[in-house]
Amino acid sequence: LVSLRRVRLVMESALTARDRVGVQDFVLLENYNSEAAFIENLRRRFRENLIYTYIGSVLVSVNPYKELEIYSKPQMERYRGVSFYEISPHIYAVSDNTYRAMRTERKDQCILISGESGAGKTEASKKILLYYAVTCPTNDHMAALGDRLLQSNPVLEAFGNAKTLRNDNSSRFGKYMDVQFDFRGAPVGGHILNYLLEKSRVVHQNHGERNFHIFYQLLDGGEDDLLITLDLERNPQKYQYLVKGNCPRLSSVSDKNNWKVVMKALPVIGFTEEEVQKLLNIIASVLHLGNTQFGEGEEGETYITTETQIHHLSKLMGVDGSALGEALTHKKLTAKGEEMISPLSFEQALSARDALAKAVYGRTFTWLVEKINQSLALKDELYHSSKGSSVIGLLDIYGFEVLQHNSFEQFCINYCNEKLQQLFIELTLRSEQEEYETEGIAWETVQYFDNKIICDLIEEKHKGIISILDEECLRPGETCDVSFLEKLEDALGGHPHFVTHKLANGKTRRVMSREEFRLLHYAGEVNYNVNGFLDKNNDSLNRNLKEVMCQSDNQILQHCFRREEVIDQKRPEMAATQFKNSLMKLMEILMSKEPSYVRCIKPNDAKQPGRFDEVLVRHQVKYLGLMENLRVRRAGFAYRRRFEAFLQRYKPLCPETWPNWHGRLSDGVSTLVSHLGYKPEEYKLGRSKIFIRFPKTLFTTEDALEAKKPEIGCLGVLYMHVCVCVVIVIQSGWRGMKARRRAKRRRQAAELIRRFIKGFIYRHEEYCPENEYFLDHVRYSFLKNLRQNLPKSVLDKNWPTPPPLVAEASEHLRRMHMRNMTLKYCRRVQPEWKKQMMQKVEASKIFKDQKDSYPQSVGRLFLDSSHVSPFASQYGVSVIKYDRRGFKPRPRQLLLTNTFAVLVDRTKIKQRMDYSAMRGISVSSLSDGVFVVHMPSEDNKQKGDVVLHCSHVIELVTKLAMMANKVSYVNISPGSIRFAVARGKEGIIDFVRGSELKVAKGKRGHLLVVSQRLY
Ligand SMILES: Nc1ncnc2c1ncn2[C@@H]1O[C@H](COP(=O)(O)OP(=O)(O)OP(=O)(O)O)[C@@H](O)[C@H]1O
Ligand SMILES: [Mg+2]
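These figures come from a predicted structure and were not determined experimentally.

Thresholds applied
Residues numbered from 1 in each chain as written. Chains lettered and ligands numbered in written order. Predicted model: local features only at pLDDT ≥ 70, side-chain atom pairs only at ≥ 80, totals over all residues. Heavy atoms only, no water. Phe/Tyr/Trp six-rings, centres within 6.5 Å; stacked < 30°, edge-to-face > 60°. Helix = DSSP H or I, 4+ residues; strand = E, 2+ residues; numbered from the N terminus. Buried < 20%, exposed > 50% of the residue type's maximum accessible area, 1.4 Å probe, protein only. Near = heavy atom within 4 Å. Polar contact = N/O pair within 3.5 Å; in protein donor to acceptor, adjacent residues only side chain to side chain. Patch = residues over 30% accessible without salt bridge, like charges linked within 9 Å, V, L, I, M, F, W, Y side chains within 5 Å. Areas by Shrake-Rupley, 256 points an atom, 1.4 Å probe, with all protein chains shown as cover. Salt bridge = Lys/Arg side-chain N within 4 Å of Asp/Glu carboxyl O. Lys, Arg positive; Asp, Glu negative; His and termini not counted. Charge placed at Lys NZ, Arg CZ, Asp CG, Glu CD. Domains from an automatic or database assignment. Contact = heavy atoms within 4.5 Å. Buried area = accessible area lost by both parts, 1.4 Å probe. Pairing = 2+ DSSP bridges. Axes fitted to C-alpha atoms, helices over the stretch in contact; angles between N-to-C directions. Donors = N, O, S within 2.8 Å, 3.2 Å for Na, K, Ca; no water. UniProt positions renumbered as here; feature names shortened; annotations may be inferred.

So, about the packing of aromatic side chains. Applying the stated criterion to the full structure yields 31 aromatic pairs. With a centroid separation of 5.0 Å and an interplanar angle of 65°, the aromatic rings of F173 and F365 are classed as edge-to-face. Of the two residues, F173 sits in the loop between β5 (170–171) and β6 (174–181) while F365 sits in helix α15 (residues 346–376), which places them 192 residues apart along the sequence. Here F365 falls in the buried class, since its relative accessible area comes to 2%. Measuring from ring centre to ring centre gives 6.2 Å for F756 and Y773, while their planes differ by 70°; the resulting arrangement is edge-to-face. Taken together, the residues F756 in helix α31 (residues 695–761) and Y773 in helix α32 (residues 772–788) connect sequence positions 17 residues apart.

Below is the structure:
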């Protein structure tokens, strides 16, 4: 029972919320034909500061007249890339959706913003631009473009906006702006088209209204010097064109601040200082024109009473003053090929002056737009040719206007809206139809009012109101506004959408004046007063005034007034036709794009926040054609949603789809809706979307979901509980496993230690199970250690001490390693080095431990060859030869060849010793260098033994012995050496140790050699 009550409560609160804030899409209104329900929904949302509501893809926006915290950067982020319907309606959602459609479908888009004056169109368009400037990627190449797009706004507003009774910042021109994006989605270019500037405002303002902002901004914000150069005074009351509305100042706007903003913006959008000056000269000229006054002479001639103004004008416009004065008071006519000058009446002069002011201002405004376009234009040829780029167009144009007195301007504006409505119907139906087709749903004919009949009534060639107006303007003879009205009656009488006082029945006649015609627009009836229609359509400027302007030295005016215009006799197109043609072009542009719509509504006339004036809103809902929009949109199905989104949201309502559906999406949706009891006429399944015909069906489903939420909540709690339990089980399992692993590792470690200890105890035993692990370990450790500490060179004799167990193996390894290293070393040895080694080995064999000076010689390399001689000797060295008798020392060279040795005194051979005859070589065991080569004396060729001294005795004797192949013939005598002297006699050399080396004749005719002691 409690849960039932809770369910009801939840249901009620959901419904109350809907009651309180209304539906966010009008298609969900139960009674979509009821205007009251429509307005009530708007009001509810407005009260909650929910200013945006959809009609399908159309955004309805109500001006809050206060700053809402919904345009910040985080808000932009919220809407970025999010599906249109998933989030509350917003201008950013439209912006983002359009942008994404452009990017993904590669199709140009446009956003059409309409609504009556003060409804928030311009604000909406600025928000869209800001959204793109902030959220789109920037193109380095065109980094400043976003800036220029944004900065073009204050400039256009200064020159094209004015305070009216309805809006303090009313755009007095229609604006269509293209923003071009490159293939990456970065804005790279822009272009503006302007429509029908309200030029009449330059010369006249209704009470409580102002001229264009720029005049007041200049007078309020311009520096003193600037005003002096422009011959202006700071007081707007001084200027006739600014006093008509008796409203020089605005409480809501600071002209001074805005002046600064404009002056800052102009250079950003590419204005040079000179251009700014010329532009301001023109603005000042308009004010001076307004102050140009005329007098009437006695003979009815008109003359200028304010010569100073002409002087200022001539200076500022760069024209001839007297020519200007003449042109302002006379007109030039061409009759039968002859030019005639005729004076103007006082009134004619005034209107010529005003016409000039309007023409100058209007054309300068067009020039300004062109100039901005140059600054926004795509500069890079690459982008021009780039197929990847796409465009988003923004149309900020006057909505239906129904005033107390409606004139030519309202006629044009409402015609424009009629065209836009036609476009809207066409495109909406087209897109609906396309969607049905792609979804494979049969198209059901939608009943709607086709306003083609009204468009034709206005624009049809020869028969339409515009054609008749043009005809009347051009017709020779007396023409006036009333004659135009009569022509209309003649031509259009009987048309179901056209009525005049004369054509109307009694009831209508009572509310219409005789100077009015009534059009039954798609949005409602509007009475137009014909007064001024002809003049405004003519929009003519006397030819002589044009001629004067052509000669201006102000470049902007030169650009605005072309010489060809004067020469060309062809009459320019009338204003209405011009407008019609520009609208045709606009329609073409819009038709080529995918449209989105923003319909702006003004909640009250007092510009106050929080006030919702129902009558005013109803009026706008009607004239904006919103009910018609809704009817077209609702003609088929109220609601459509992609399968996945629908299933995701409502799956808890069906046991088969909850918590997850694993089959095909369409089957899931089908299962879900049949569980919910949808009747066949209530819905259709397309290829990827479900279409629901009535909002009620959806609301029932939505309410069921609300009611289900607590249950889903309980399920959620249960689910949480189960999750917690599962987590606990997993946790404990994991912990247990970790503990078991740890215990196992400990057990293994203990076992290991035990085996180790046992092994250590049995280490001296034979290899057995008790010590096998330990011994293996010892072996393994030794080998591992050995591997890292092997000697690196042959001379390195270190070797890790092996445990006794592996001593034998270690020794084998050591030898193997040594052999290996030696082998490697030998392989690396060069031939000379090898020879050296062999000699050293021989020297070692002969002298090691035999002669004192041997150890010293070990470190010294033996020379290869000391001298070059004619004997192709292998070796040569300086020696001292001692005579055998008398022991006289004689310096000689001893040269060794391959077969003999020879003693040479300079170049003379003193003695030749054949190796074959050599009987031996004797040296002492001390450190002296004396040696004796024993040669046979009986041989004639040989002279007997030779006593020699050489400081490299080890090297010399080794080489000699080796070359003579008489190594074993070397004797080392410890005390004395005997040698043969001629004829059987013997000489003796005695060797003793002493303090220094000495070789001298000793006792008994011996040679005494004292060798140095070596320590
Ligand atoms: N979204 C908004 N938030 C806050 N204020 C707004 C918003 N939209 C409009 N306004 C207020 O309303 C004023 C009029 O809006 P805006 O100038 O955009 O109207 P408009 O539809 O362009 O009128 P017009 O046809 O006269 O140019 C703005 O100056 C601003 O004060
Ligand atoms: Mg505007």
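To continue, consider the site of ligand 1. Lining the immediate surroundings of ligand 1 are 18 residues, of which S117, K121, T122, S170 and S171 lie closest. For ligand 1, an oxygen atom lies 2.7 Å from a polar atom in the backbone of S171. Elements supplying a minimum of two residues to the shell around ligand 1: α5 (121–135) and β5. A per-element tally of the shell around ligand 1 places α5 first, with 4 residues.

What follows concerns a positive patch on the surface. On the surface, a cluster of positive charge is contributed by R735, K738, R741, R742, R745 and R746. Take R745: it is sitting in helix α31.

Now for a nonpolar patch on the surface. A grouping of L752, I753, I757, F760, I761 and Y762 is seen on the molecular surface, where their side chains present a nonpolar patch of about 580 Å² in accessible area. Tracing the chain through its elements places L752 in helix α31. Using a relative accessible area of 38% as the deciding quantity, one classes L752 as partly exposed.

Let us look at the domain arrangement of the chain. Domain annotation for the chain reports domain 1 (408–539 + 574–584), domain 2 (637–710), domain 3 (771–828) and domain 4 (833–1012). Each of domain 1 and domain 2 has a C-alpha centre, and the two are 46 Å apart. Contacts between domain 1 and domain 2 engage 9 residues on the former and 10 residues on the latter. Summing both sides of the interface, domain 1 and domain 2 together bury roughly 820 Å²; the carbon and sulfur share of this comes to 41%.

Remark on secondary structure: sheet strands pair via backbone hydrogen bonds, oriented parallel or antiparallel. As summarised here, the arrangement of the 7 strands in space is β1-β2-β16-β3-β12-β6-β7, forming an open sheet in which the pairing is mixed. Each end of this open sheet is capped by a strand with a single partner; those strands are β1 (52–55) and β7 (187–195). Strand-to-strand twist in this sheet, taken as the mean axis angle between neighbours without regard to direction, amounts to 20°. Across the sheet, α15 touches β6 and β7, and the angle it forms with β7 is around 170°.

Here the magnesium ion (ligand 2) is held by T122 (OG1) and S171 (OG), and the distances to it run 1.9 to 2.0 Å. With a gap of 49 residues between them, T122 in helix α5 and S171 in strand β5 connect regions that are remote in the sequence. Taken as a pair, T122 and S171 share a single burial class, namely buried.

The UniProt entry lists G115, E116, S117, G118, A119, G120, K121 and T122 under the feature "binding site: ATP" (unreviewed entry), expressed in the numbering used here. In this structure, A119 sits in the loop between β3 (109–115) and α5. Each residue touching A119, except ones within four places of it in the same chain, is listed here: N63, C600, I601, K602 and Q620. Exposure remark for T122: the relative accessible area of 14% places this residue in the buried category. Residue contacts for T122: discarding those within four places in its chain leaves E157, S171 and D396.

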